[in-house]
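# Working through the structure, step by step
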Amino acid sequence: MKLKNNVLNQAIKFALATTTAGLFISSSAIAADEEQAKAKVNKNVEKIAVVGTRSAPRSIGDSPVPIDIIGGEELEKSGNTDMLELLKGAVPSFNVHQNPISDAASLVRPANLRGLPSDSTLVLLNGKRRHRASVIAFLGGGINDGAQGADISVIPSIAIKQVEVLRDGAAAQYGSDAIAGVMNFQLKDASEGGKLEVRHGQFYEGDGDTTQVSGNIGLPFTDNGFANLSFQYKTADATSRSVQRPDAAGLAAAGVQDVSPLAQVWGAPEVDDDISIFGNVGLELTNDSEFYMFGNYSERDVRGGFYYRNPTSRPGVYGGNIRDVNGINMRRPGDDNPVGQTAWDAATPTVLVGSLDGYDAQLDCPVVEIQANGAPDQSAIDSLTSANCFAFNETLPGGFTPNFGGNITDTSLTIGTKGMFTGGFLKDAFYDISGTVGFNESRYFIYDTVNASLGLDSPRDFSPGKYSQLEKNFNLDISKGFDFDLAYDVNIAGGLEWHEETFTVTSGDVASFTAGEFTEQGFGIGSNGFPGFKPSDAGEYTRRNYAAFVDIEAPFTEDFLMGLALRFEDYDSFGTTTNYKVMAQYHVTEDLNVRGSISTGFRAPTVGQANVSNVQTSLDNGVLQDSALLPPTNPIAVQLGGTELEPEESQSYTFGAVYTIGDLFLTLDYYNIQVEDRISQSDKINLSQSDKDTLEAAGVPNVQSLAQVSFFTNDFDTTTQGIDLVANYTAELMGGSSTFSLAYNWNDTEVTQFSDITGAFKVKRLEEDLPNHRATFTLSQQWESISAFARANYYGEYQGVHVDYDATAKTADAAVTIDAEITYFMNESISFSVGAQNLFDQDAEKLDFAEAAGAPNNNWGGKYYETSPFGINGGFYYAKATYTF
């Protein structure tokens, strides 16, 4: 039956307010019979378009594209305190790694939807584009190398009314980044009541103690509005799943002093003073308009482990000089080879020794040989002071392990108004005008390291600089229903968007980048492990783009709906792009409908990816090396194959069905996503001496110690396909209310084209690191005063990789973990819960690559493959108390 126009317009108003004109709530879903039309319109639409509770289906059955709805209460059940982990348990196609020892990726963890990198999923807050983080994942574990996505972890679950996951390409609706899909976080909007929650837990191993205090309150904002406020404060201790490194153990056995019992730690970083404050405000201005405002302030400090610096071999600090076979002199950086390369290769290794009397006196310093037991000659070290010479073995004899960390600040504000036009051609049309500003800053710190070029007077802690990301958006959306004598009104929506993105690099403290007086004697420049950004590296890079779009939904019959979206974008950097989406839904029977879509998409290179440069330390083929990340337009990058970045382009289609009978709800969807010219960090390319000379002339620090360079590039194509299955069933069982939920994802990625710049092992990581099969089975049970929750998580086989080294890779076994929680309601206000994640302490795949890696018994201190999809920390138990008012 056809709804009256004013009813339909009100329905459109609410649907757009909650889903921002893009989740394509179908007209047939809005339509209802006469009895429903007599009810309150907003309430009517909310029942259909906003699923919200775990007792109802998680997917919108009447949508022509697959959408999962995860309610706020469901998110809070899992016992985790990180939004990324909460979503991983609720959405099988969503994966996130813990990334121990992974540079900036350990500060803002990248996540993957449908096997694509984190910046291929668009994140919305209350339907508005969320700014991306300032962190670029330089060591992103293959799939996320170079990704710059939004920081989802700042969003506290207590602030969330529900999360909508649009599992379909949506660039034609929202613009860049929506290749894999869209995640829309809707904030709570109650004007009364609230909740206060205290939670504490730790891992079974006895570490990683986590304490969280969170709260939410709804307040009236005059008689016609609301102000809903939420906060979360959290601290989490570091974890360690490590063993002693064999080289460190050997040094200790040889009598070297001050070797740490765990020279290198693999585990979760320490998170301190993690605070997030979110606010959501709405006010009815007239019967036809309202004002809204929402935003956040979030900040946290993160500190984690890094790679061990061996006191006999780390170039630029401890090692690098050798005697020739005749014992005549030492070779230093830049010295000629007087007796032939073979003779040098056979020479005795020595410790790097510097002269306090300058470069010309360095060869007069005592020679400190590395003895047969692997330890430096201590008597030679003891003689250095009297010769006015020095070595870092004097003050740091056991080597050192830097700690890398940062302070992450995130803030945003959206202000807008929406309502209905009351006259003219656009009478009864819905409008939404808004402006958004978002800012994310990551200030880096590196502790317990040295700037070796400053000698023994070097400080131990440095601030190498910071990155910041500033984004501004202005949106105008208009939507109106038109009567074309179809089953229902045809909804036509259109709008304009302006977007500005600025990436800023700020230089670090002087000690973190300066070239000290001992540089020419072979000592490394800058804070070892993460040299600071020099003033010449600092800069501000801005890009603007404009967009115009139109969406049309046409209900040709009561059973057949079609939709079309078209979007044009103009970027001031690379030009224009136009994308489309066609979708359809057909009700075969009252219980069964089929749906599908075809779309194109794009992802613009971020300003950071196009301009950032950095020097990083990582293991390459099991050897610790320094490498430089260069802008793709740098002359060295161009010489090695770099070009100016272009947008990724995608083509995708989905086809699925929705089946509902009684209390059983079932959806099955197939998807296929083809991405061309994917942007990622290139494989690390070995430098020639002429390359180094060019880099040194350009001012890159530590050039002679650099072994490799990389850059961002459009260098490969992929095809990703998969199946999503969602099933829900509710029943009255066991004396209470029961809900059963099954979600399954099969995902397969194939790299269909690549060059040598990408590298064969990276291709293997893209195709095999994530499990092809993921599933969750959840049982929720509610009695009068007790509720229980249990979830089984299945992770299929995946590629285990350690230290990004192909010789360590193996196919890891499938595994199942169990999460459980039980809650006792003392009364209507107070409840107590206990629960566990990974209840039976399922271990990650253990390392077993010693012989294959060519380095017997060398695991670099690790115990497990860090690519484990459920992490390496094991079981976690917790207790929480909740006060609801």
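In case you missed it, the structure is sitting above this.
The rules behind these values
- Residues numbered from 1 in each chain as written.
- Predicted model: local features only at pLDDT ≥ 70, side-chain atom pairs only at ≥ 80, totals over all residues.
- Heavy atoms only, no water.
- Helix = DSSP H or I, 4+ residues; strand = E, 2+ residues; numbered from the N terminus.
- Buried < 20%, exposed > 50% of the residue type's maximum accessible area, 1.4 Å probe, protein only.
- Contact = heavy atoms within 4.5 Å.
- Phe/Tyr/Trp six-rings, centres within 6.5 Å; stacked < 30°, edge-to-face > 60°.
- Patch = residues over 30% accessible without salt bridge, like charges linked within 9 Å, V, L, I, M, F, W, Y side chains within 5 Å.
- Areas by Shrake-Rupley, 256 points an atom, 1.4 Å probe, with all protein chains shown as cover.
- Salt bridge = Lys/Arg side-chain N within 4 Å of Asp/Glu carboxyl O.
- Core = buried A, V, L, I, M, F, W, Y, C linked by side-chain atoms within 4.5 Å.
- Polar contact = N/O pair within 3.5 Å; in protein donor to acceptor, adjacent residues only side chain to side chain.
- Pairing = 2+ DSSP bridges.
- Axes fitted to C-alpha atoms, helices over the stretch in contact; angles between N-to-C directions.

This part takes up the overall build of the protein chain. When its secondary structure is counted, the protein chain shows 15 helices and 38 strands. Burial statistics for the protein chain: of 885 residues in total, 59% are counted as buried. A fraction of 71% describes how many contacts in the protein chain between residues 6 or more apart in sequence connect residues 24 or more apart.

Next up on the list: the packing of aromatic side chains. Both the distance between ring centres and the angle between the ring planes are used here to describe each pair of aromatic rings. For the structure on display, the rule yields 32 aromatic pairs. Here the aromatic rings of Phe-404 and Tyr-444 are separated by 5.7 Å at their centres, their planes lie at 25°, and the arrangement is stacked. Residue Phe-404 is located in strand E17 (residues 403-420), and its partner Tyr-444 is located in strand E18 (residues 430-447); the two are separated by 40 residues in the primary sequence. The class for Phe-404 is buried, based on a relative accessible area of 2%. What makes Tyr-444 buried here is its relative accessible area of 0%. Centroid distance Tyr-653 to Tyr-670: 6.1 Å. Interplanar angle 45°. Geometry classified as tilted. Taken together, the positions of Tyr-653 in strand E27 (residues 648-661) and Tyr-670 in strand E28 (residues 664-681) put the pair 17 residues apart, joining distant regions of the chain. Given a relative accessible area of 38%, Tyr-653 falls into the partly exposed group. Its relative accessible area of 24% is what places Tyr-670 among the partly exposed residues.

With respect to the secondary-structure elements, Asp-382 resides in helix H10 (residues 378-382). Residue Asp-382 is classed as exposed on the basis of its relative accessible area, which comes to 54%.

A word on a nonpolar patch on the surface. Residues Leu-196, Ile-217, Leu-219, Leu-229, Phe-231, Tyr-233, Ile-277, Tyr-297, Tyr-883 and Phe-885 make up a contiguous nonpolar surface patch of about 840 Å² in total accessible area. When residues of the nonpolar patch are traced back to their parent elements, those giving at least two are strand E9 (210-220) and strand E10 (225-236). Counting residues per element, the nonpolar patch draws most heavily on E10, which supplies 3 residues. Within the secondary structure, Ile-217 sits in strand E9. Since its relative accessible area comes to 30%, Ile-217 is described here as partly exposed.

Within the largest apolar cluster, 37 residues are counted, with the highest numbers of intra-cluster contacts made by Tyr-444, Tyr-467, Phe-503 and Val-612. Elements that contribute at least two residues to this core include exactly E17, E18, strand E19 (462-482), strand E20 (490-507) and strand E26 (623-630). The next biggest cluster of nonpolar side chains, apart from the first, holds 33 residues, and it includes Ile-70, Leu-113, Leu-116 and Met-183.

With that settled, the discussion passes to the side chain of Asn-296. Tracing the sequence through the fold places Asn-296 in strand E12 (residues 289-305). A residue is classified by how much of its surface remains accessible, and Asn-296, at 4% relative accessible area, is buried. Polar side-chain contacts of Asn-296 include one of 3.0 Å to the side chain of Arg-130. Polar contacts involving the side chain of Asn-296 include one to the side chain of Ser-412, which spans 2.5 Å. In this view, Asn-296 contacts Arg-130, Ile-277, Phe-278, Asp-410, Thr-411 and Ser-412; residues no more than four positions away in its chain are not counted.

Both E17 and E18 contribute to a ladder of 18 bridges, which runs antiparallel. Directly across from Gly-405, in E18, lies its bridge partner Phe-445. Judged from the 16 bridges that link them, E18 and E19 form a sheet pairing that is antiparallel. Bridged to Phe-430 within E19 is Ser-479.

This brings us to the sheet that holds strand E4 (residues 121-125). With mixed pairing, 5 strands are arranged side by side in an open sheet as E1-E6-E7-E4-E5. Both outer strands of the open sheet, strand E1 (67-71) and strand E5 (128-129), are each paired with one neighbouring strand and no more. In this structure, E1 lies alongside strand E6 (residues 160-166), joined through 5 bridges in antiparallel fashion. Along E6, the bridge assignment pairs Ile-69 with Glu-164. Its contacts with the sheet place helix H6 (residues 83-90) against E1, E6 and strand E7 (181-187), and it is angled at close to 115° to E7.

This part takes up unusual backbone geometry. Positive phi values are uncommon outside glycine, yet Asp-428 reaches one of about 70°. Mapping Asp-428 onto the fold places it in the loop between E17 and E18. Look at Asn-838: it is not a glycine, yet its phi comes out positive at around 50°. With respect to the helices and strands, Asn-838 occurs in the loop between strand E37 (830-837) and strand E38 (876-884).

Both E10 and strand E11 (residues 270-286) contribute to a ladder of 11 bridges, which runs antiparallel. What sits directly across from Ala-236, in E11, is Val-271. Inspection of the sheet shows E11 paired to E12 by 14 bridges, in the antiparallel sense. In the sheet register, Val-281 faces E12, and the bridge partner there is Met-293. Between E11 and the antiparallel strand that follows it, E12, lie 2 residues.

What is shown is where atoms sit, not what they do.
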